[in-house]
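# Chain and residue survey
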Amino acid sequence: MDQGKRAFLQRLGVLTAGAALVPLADAGWQMEPVRKQGDIKRRYAMLIDLRRCIGCQACTVSCAIENQLPQGQFRTTVNQYQIALSGAESVTNVLLPRLCNHCDNPPCVPVCPVQATYQRQDGIVVIDNTRCVGCAYCVQACPYEARFINHSTQTADKCTFCVHRLDAGLLPACVESCVGGARIIGDLRDGNSTLRKMLLEHAADIKVLKPEQGTHPQVFYLGLNEVFTQPLPGQPALWQEVHA
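Summary of the structure given here. (Residues numbered from 1 in each chain as written. Predicted model: local features only at pLDDT ≥ 70, side-chain atom pairs only at ≥ 80, totals over all residues. Heavy atoms only, no water.)

Before going further, it helps to examine the layout of surface pockets. Computed from the structure, the second largest pocket encloses a volume of approximately 270 Å³. Lining the second largest pocket are 16 residues, with Asn67, Arg75, Asn129, Asn150 and Asp157 sitting closest to its centre. At the level of elements, strand 7 (156-157) and helix 4 (163-166) are the ones that each hand at least two residues to the lining of the second largest pocket. When grouped by side-chain class, the residues that make up the lining of the second largest pocket number 4 nonpolar, 9 polar and 3 charged. (1 Å grid on protein atoms, 1.4 Å probe; cavity = no way out; pocket = protein on both sides within 12 Å on 5 of 7 lines; lining within 4 Å. Points joined across faces, edges and corners; volume = space filled by probe spheres on them. Helix = DSSP H or I, 4+ residues; strand = E, 2+ residues; numbered from the N terminus. Nonpolar A, V, L, I, M, F, W, Y, C, P; charged D, E, K, R; others polar.)

This is the structure:
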């Protein structure tokens, strides 16, 4: 453990022990950092067109490879549900891709005691792994279960819209690999972007997950049934635990 993380944990222990007597504000902690990095003229968002998603998990695989994730941990998955329709004998499959929503009001940011989680000026929420101490406060704060503690780094991890690729003028791995073209990323402030045009064209049918949370998600869904705005437990289509 480096000196910076050790010092933080010592300080956190002192503050926790005296939590009833020492408010964090009085301790001089600014819990929500200002937005930094990225182009302030842009606001990145993603549209997932469920009419085109076939549940192939190409996005899951490409993301895991691009970001070198530990085995069994994923920044994005496609959950598959079998739904029995009312009055029908057969069942139908519903596919629901999941990832970080890069909210406009991200609850993960203010809970980070070391400001390792912050939001860029272009709206993308990222993690500074050199500062993260793995306390998992942000994991608990995310209502979308989009964060986890990376087994290899022991720090918080999640989708970043492949910000390293966007900054280089490339598409995120999941968008580039989507065989059905179901994932569309773009700049909400660009009136000529495909994303902006589709959001306007299908405005009445666009949904987000858990809108009542007030997080203002910036991952939008087209073709999502209202019941799935409150995600149900689901098993990714291609991965499951096997015990020999």
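This part covers the nonpolar core. Core analysis: the largest hydrophobic core is formed by 32 residues, its most contacted members being Met46, Phe161 and Tyr221. Secondary-structure elements contributing two or more residues to this core are strand 1 (44-49), strand 2 (77-84), strand 3 (91-98), helix 4, helix 5 (173-177) and strand 10 (219-222). Sort the elements by how many residues they give to this core and strand 1 lands first, with 3 residues. Each residue touching Met46, except ones within four places of it in the same chain, is listed here: Leu99, Phe161, Cys174, Val175, Arg183, Ile184, Ile185, Leu195, Gln218, Val219 and Phe220. (Core = buried A, V, L, I, M, F, W, Y, C linked by side-chain atoms within 4.5 Å. Buried < 20%, exposed > 50% of the residue type's maximum accessible area, 1.4 Å probe, protein only. Contact = heavy atoms within 4.5 Å.)

The next thing to look at is helix 2 (residues 58-66). Taken together, the buried positions of helix 2 are Cys59, Thr60, Ser62, Cys63 and Ala64. The elements touched by buried residues of helix 2 are strand 2, helix 5 and strand 8 (183-187). Directly after helix 2, the chain includes Gln68, whose backbone phi takes a positive value near 50°.

One non-glycine residue, Gln57, lies in positive phi territory at about 65°. Inspection of the secondary structure puts Gln57 in the loop between strand 1 and helix 2. The exposure class assigned to Gln57 is buried, which follows from its relative accessible area of 1%.

Okay, empty space enclosed by the protein next. Scanning the model with the defined rule gives 4 cavities of 30 Å³ or more in all. Considered as a void within the structure, the largest cavity measures approximately 110 Å³ in volume. Lining the largest cavity we find 16 residues, and of these Cys53, Cys56, Cys59, Val78 and Cys178 sit closest to its centre. Class assignment of the residues belonging to the lining of the largest cavity gives a composition of 11 nonpolar, 3 polar and 2 charged.

Below, the discussion takes up helix 6 (residues 194-201). Taken together, the buried positions of helix 6 are occupied by Leu195, Met198 and Leu199. Along the axis of helix 6, the buried residues cluster in a sector spanning 100°; they form a single face. The exposed set on the far side of helix 6, more than 90 degrees from its buried face, consists of Leu200 and Glu201. Here the buried face of helix 6 lies against strand 1, strand 8, strand 9 (206-207) and strand 10. (Arc of directions from axis to C-beta.)

The buried fraction of strand 1 is high, at 6 of 6 residues. A two-sided burial pattern is seen for strand 1, the buried positions comprising Tyr44, Met46 and Ile48 on one face and Ala45, Leu47 and Asp49 on the other. Pairing geometry for strand 1 and strand 10, over 4 bridges, is parallel. Across the sheet, the residue bridging to Ile48 is Tyr221, located in strand 10. (Pairing = 2+ DSSP bridges.)

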